[in-house]
Amino acid sequence: MRVVIGEDEALLRHGLQLVLEGGGFEVVAAASDAVELERAVGLHLPELVITDIRMPPSHSDEGLRAALRLRAKHPEIAVVVLSQHMQSRYAKELLSSSNGKVGYLLKQRIADVDTFLGQLRDVAAGGMALDPDVVALMVARAKRSNGAIRELTPRQQEVLALMAEGRSNSRIAAELFLSEKAVVQHTSRIYDSLNLALDGESHRRVLAVMHYLSDN
Amino acid sequence: MAKKAPRLKLARSLDRSLVVIFVAGLSLAAMEWALLPVAGPIGHVMMLFPVVTVVYLLAGVRAWHRRPGNRLGALILFGGFAVFLGGMGNGDIPVFVAASTIGATLILAVIVHMLHAFPSGRLKGRLSKVTVSAAYMNSLLLQAPGYLFRTDPAAPFLFIADSPSVAALARMLQVWVGVVVMAATAFVLIRRLVQADPGQRRVLIPLFAYGSLAALFVPLSTQVLTPLLGMNMESQAALQLMVLGGIPIAFGHGMLRGGFAKTGELEELGSWLGASGGTRSALAAALVRALGDPTATLSFWLPRQGVFVNEDGTPVPSVAQSTNRGQEEIMVGSRKVGAIGYDTTVIEDPALIRAAGQVVAIAVDRERLTVELRESYGALQRSRERLVDAADRERRRIARDLHDGLQMQLVLLALEAQQLAKSPGSDAGTVERATHLRRGIDSAAAELRQLVHAVMPAALIERGLAAAAEDLIDRMPIPTTLELELDDGSCPSAVERTAYFVLAEALSNALKHSHATQIQVQLKIVEGWLHMEVCDDGTGGADLLAGTGIRGIGDRVDVQGGFFELASAPGEGTRIKVELPCA
């Protein structure tokens, strides 16, 4: 899979490149600021873009803005945004820019290489990946303001949170020590309570998360 | 505010004198009306002489009454006399005809005098004095050969000897002196226009233009109007008189519109001070009124700092030499206590300012102490703002250093531990220990994230108060509601930072000490003020003096010029209310 990286710290850029190449990804370009990143993406049209949020010149949210522009311009390219800290507002902006093909993860997650690479592949395949940290923030807010979410049982809320992180049913089952069948039951009840139309499975997951966020 | 000052003895005396002058002037005009052939064939022109005289009389008396310290009023009255004199030549009483012949062109010199003396009524600079003297000489002395050495049909009794060549020479000389006088006048006026500020220019340009044109029109109209327009003598004379009649109106109006408020006597200022106690703003206002200069300023001397400050305690810049600003120091004995700044184009005589300074000196000295206090309060406030700012800057720097340095190091270390775990040939024990190491590094990184967030949250820097407050509430472990009515970046960043840290402190207090089960937060902007309210249902009993945290909240809010209120009766929860100015 062809990837373009955006990261201003040389050491981390190099580390990330090694991790990706070790996982069978082909890094076609590695940019050190947002302008260079957008140019490289336009040039190489990769399948996946991975970018830091904080980048020169303003060291603010340059990377996020670049990611949003890329999503609008090239909807077929998946974008994973990395950051040292999580903000629910950034997650919301990213998610409202698309139906899937986005990820928002803590940089620290890179070190859990297998999980990280798995999430990248999920996103590239049309899914999504949200960091547990930001999902926790969103669950907290949804509980405060969204009636539908509040009415879910605690177990269903846990399942929804893991879905938002982009986990598959089997992974959710393993995490919560449930049978996969029980997880399927929980998810269908969640769809019912949130009034989500029945549709392709992965698309419904994205919709569930979108709903989750759009009401906050 | 300032009471209307009572008219004092001296002022009432002036008023009475003006009434006498006015009545005398009216009598002269009435006499002229009676003596001139107003019923004759050119009666409508003859009538204009007394009418224009009365116009000068009204304008002059009004200007003198409104500004007793200004000589322009007297000058206008003198101009009225010159017009009166010019008219009397048309009668048939020999002594008046003689006087009229001698002073026939006096009015032109008076107009030049007015142009040079506006707005104070005093001549400023040697060039003006010489030019005006030349104008008077031209109109009185060089006029004389015309009736002394030539038979003037109007006043034959002034004739001494027949010498047409002397008369012609004097005539030519008069024209040339007139040209030089007008050129010098134009030079002086243009120079003044250049130095004037835009507000003054609006008054000066039309006035100078009209005055100069009038001074040129009256002598030149004979050469220009008659041949060009074929205007007869009567119409010409009528036009000249009407142009002259506009002069006192223009100067009188210009003087009053130019910001020359009614001037009281210094005596009035003194008595007013005694009555009012001379409160701060009233003192400066009374000074402005007394001096008739709306730009007059009062400043106070702070000997310790060696600077002049204004009423608010803000240092005032010293007067630059090139501008039209003048400054006179106010002394009590040999001690400097303050200064009066004024417009040198309005007030020509520094002695007037010095006299005013002596009147207000004691009040200024008393006021100086208050201003000194205000100045040191201002300095303290600025120092506090700098301290808060420096602290915030330091927080930002620490957060950035942790972010760029330590956090990245931890990612790389965790990556290395993971690679160790995955490297081929590692035994099971090594793999387990390396994975354990990575998890340890991850949890250290999580703690570091919290620390960085507490020091200076990225959301606050990148997006502003609303985003950062949402973030903070999302992380609360107990039910917390947030009512948000503001957009990101709607307040200055220093205010947003203050509000954020106050909110963080209030929430952490509620969590740590009050055993609250729920918290309500409200953030909104009402009429340029940021309102924040944090209520919990905990045990209450928070004390402003007990914890450094709450006191810190109060201090920070105070630095931003806001209000802080704490209600925390035992058993009734805690309510913290903060208001911060956003403008």
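Residues numbered from 1 in each chain as written. Chains lettered and ligands numbered in written order. Predicted model: local features only at pLDDT ≥ 70, side-chain atom pairs only at ≥ 80, totals over all residues.

Undergrad: Is there a simple way to explain helix H6 (residues 126-140) of chain B in this structure?
TA: In an α-helix there are 3.6 residues to a turn, and that puts residues three or four apart on one side. All names here are of chain B. Taking 1.5 Å of rise per residue, 15 residues should cover 21 Å, and H6 covers 21 Å from first to last C-alpha, within 8% of that figure. Within the span of H6, buried status applies to Ser128, Thr131, Val132, Ala135, Asn138 and Ser139. End-on view of H6: buried residues confined to an arc of 120°, all on one side of the axis. Those residues of H6 that are buried are in contact with helix H5 (106-117) and helix H8 (164-195). (Helix = DSSP H or I, 4+ residues; strand = E, 2+ residues; numbered from the N terminus. Expected span 1.5 Å × (residues − 1). Buried ≥ 20, exposed ≤ 12 C-beta atoms within 10 Å, placed from the backbone. Arc of directions from axis to C-beta. Contact = placed C-beta atoms within 7 Å.)

Undergrad: Would you mind going over the nonpolar core with me for this structure?
TA: One broad trend across soluble globular proteins is that nonpolar side chains are buried collectively. Among the nonpolar cores identified, the biggest contains 72 residues, and Val80, Val81 and Tyr104 of chain A are the most heavily contacted of them. Look past the residues within four positions of Val81 of chain A in its chain and what remains in contact with it is Thr51, Ile53, Gly63, Leu64, Ala67, Leu94, Gly103 and Tyr104 of chain A. Judged by nonpolar contacts, the second largest core, of 49 residues, contains Ala29, Ala59, Ile76 and Phe208 of chain B. (Core = buried A, V, L, I, M, F, W, Y, C linked by C-beta atoms within 7 Å.)

Undergrad: It is not clear to me how the sheet that holds strand S9 (residues 574-581) of chain B should be interpreted in this structure. Could you clarify?
TA: Note on sheets: strands pair through backbone hydrogen bonds, and any given pair is parallel or antiparallel. All names here are of chain B. Pairing in this open sheet of five strands is mixed, and the strands run S5-S6-S7-S9-S8 from one edge to the other. Two strands lie at the open edges of the sheet, namely strand S5 (480-485) and strand S8 (563-567), each paired on one side alone. Strand after strand, the sheet turns through a mean of 5° between neighbouring axes, direction not considered. Across eight bridges, the pairing between strand S6 (residues 519-526) and strand S7 (residues 529-536) is antiparallel. Residue pairing across strands places Val526 opposite Trp529, the latter belonging to S7. (Pairing = 2+ DSSP bridges. Axes fitted to C-alpha atoms, helices over the stretch in contact; angles between N-to-C directions.)

Undergrad: Explain unusual backbone geometry here, please?
TA: Residues apart from glycine generally show negative phi values, whereas peptide bonds are mostly found in trans. Residues and elements named next belong to chain A. With an omega of 5°, the peptide bond between Pro56 and Pro57 qualifies as cis. Along the polypeptide, Pro57 turns up in the loop between strand S3 (48-52) and helix H3 (62-73). With a phi close to 55°, Phe177 is a non-glycine residue in the positive phi region. By the secondary structure assignment, Phe177 is in the loop between helix H9 (169-176) and helix H10 (180-193).

Undergrad: Help me understand the packing of helix H1 (residues 10-22) of chain A against helix H13 (residues 350-422) of chain B, please; the structure alone is not making it clear to me.
TA: Geometry of a packed helix pair, given as the angle between the helix axes and the separation of the axes. Look at H1 of chain A against H13 of chain B: their axes get within 10 Å of each other, and the N-to-C directions meet at 30°. In terms of orientation, H1 of chain A lies roughly parallel with respect to H13 of chain B. Between H1 of chain A and H13 of chain B lies a crossing of left-handed hand. Touching Leu11, Leu12, Gly15 and Val19 of chain A of H1 of chain A are Met408, Val411, Leu412 and Leu415 of chain B, all from H13 of chain B. Along the lines of polarity and charge, the residues of the contact of H1 of chain A with H13 of chain B split into seven nonpolar, one polar and no charged. (Parallel < 35°, antiparallel > 145°, perpendicular 65-115°, else oblique. Left-handed = near helix turned anticlockwise from the far one by under 90°. Nonpolar A, V, L, I, M, F, W, Y, C, P; charged D, E, K, R; others polar.)

Undergrad: When you look at the sheet that holds strand S2 (residues 307-309) of chain B in this model, what are you seeing that I'm missing?
TA: Residue and element names in this part refer to chain B. Strand order in this open sheet of four strands is S2-S1-S4-S3, and the pairing throughout is antiparallel. Looking at which strands have only one partner, the edges of the open sheet turn out to be S2 and strand S3 (325-332). Along the sheet, successive strands turn relative to each other by an average axial angle of 30°, direction set aside. With three bridges joining them, strand S1 (residues 297-302) and S2 adopt antiparallel strand pairing.

Undergrad: Explanation requested: the packing of helix H3 (residues 72-88) of chain B against helix H4 (residues 94-102) of chain B in the structure shown.
TA: Residue and element names in this part refer to chain B. Contact geometry for H3 and H4: axes closest at 7 Å, N-to-C directions at 125°. One way to sum up the angle between H3 and H4 is to call them oblique. In terms of crossing hand, the pair formed by H3 and H4 is left-handed. Counted together, Leu85, Gly86 and Met88 of H3 and Phe96, Ala99 and Ser100 of H4 form the full contact between these two elements.

Undergrad: Help me understand the pairing of strand S1 (residues 2-6) of chain A, please; the structure alone is not making it clear to me.
TA: Each regular strand displays side chains that alternate between the two surfaces of the sheet. Residue and element names in this part refer to chain A. Across the five residues that make up S1, a large majority, four, are buried. By the bridge criterion, five bridges tie S1 to strand S2 (residues 26-31) in an arrangement that is parallel. In the strand pairing of S2, Val4 is matched with Ala29. This β-α-β element, S1 to H1 to S2, shows right-handed connectivity. Note that S1 and S3 share four bridges and pair parallel. By the bridge assignment, Ile5 is partnered in S3 with Ile50. (Right-handed = clockwise from strand over helix to strand, strands pointing away.)

Undergrad: Help me understand the UniProt feature "transmembrane region" (unreviewed entry) in chain B, please; the structure alone is not making it clear to me.
TA: Residues and elements named next belong to chain B. Mapped onto this structure's residue numbering, the UniProt feature "transmembrane region" (unreviewed entry) falls at residues 18-36, 42-60, 72-89, 95-118, 130-149, 169-191 and 203-225. For residues 95-118, the end-to-end C-alpha separation is 34 Å, with 83% helix and 0% strand making up the annotated structure. Secondary structure within residues 169-191 divides into 100% helix and 0% strand; the distance between the first and last C-alpha atoms comes to 33 Å. (UniProt positions renumbered as here; feature names shortened; annotations may be inferred.)

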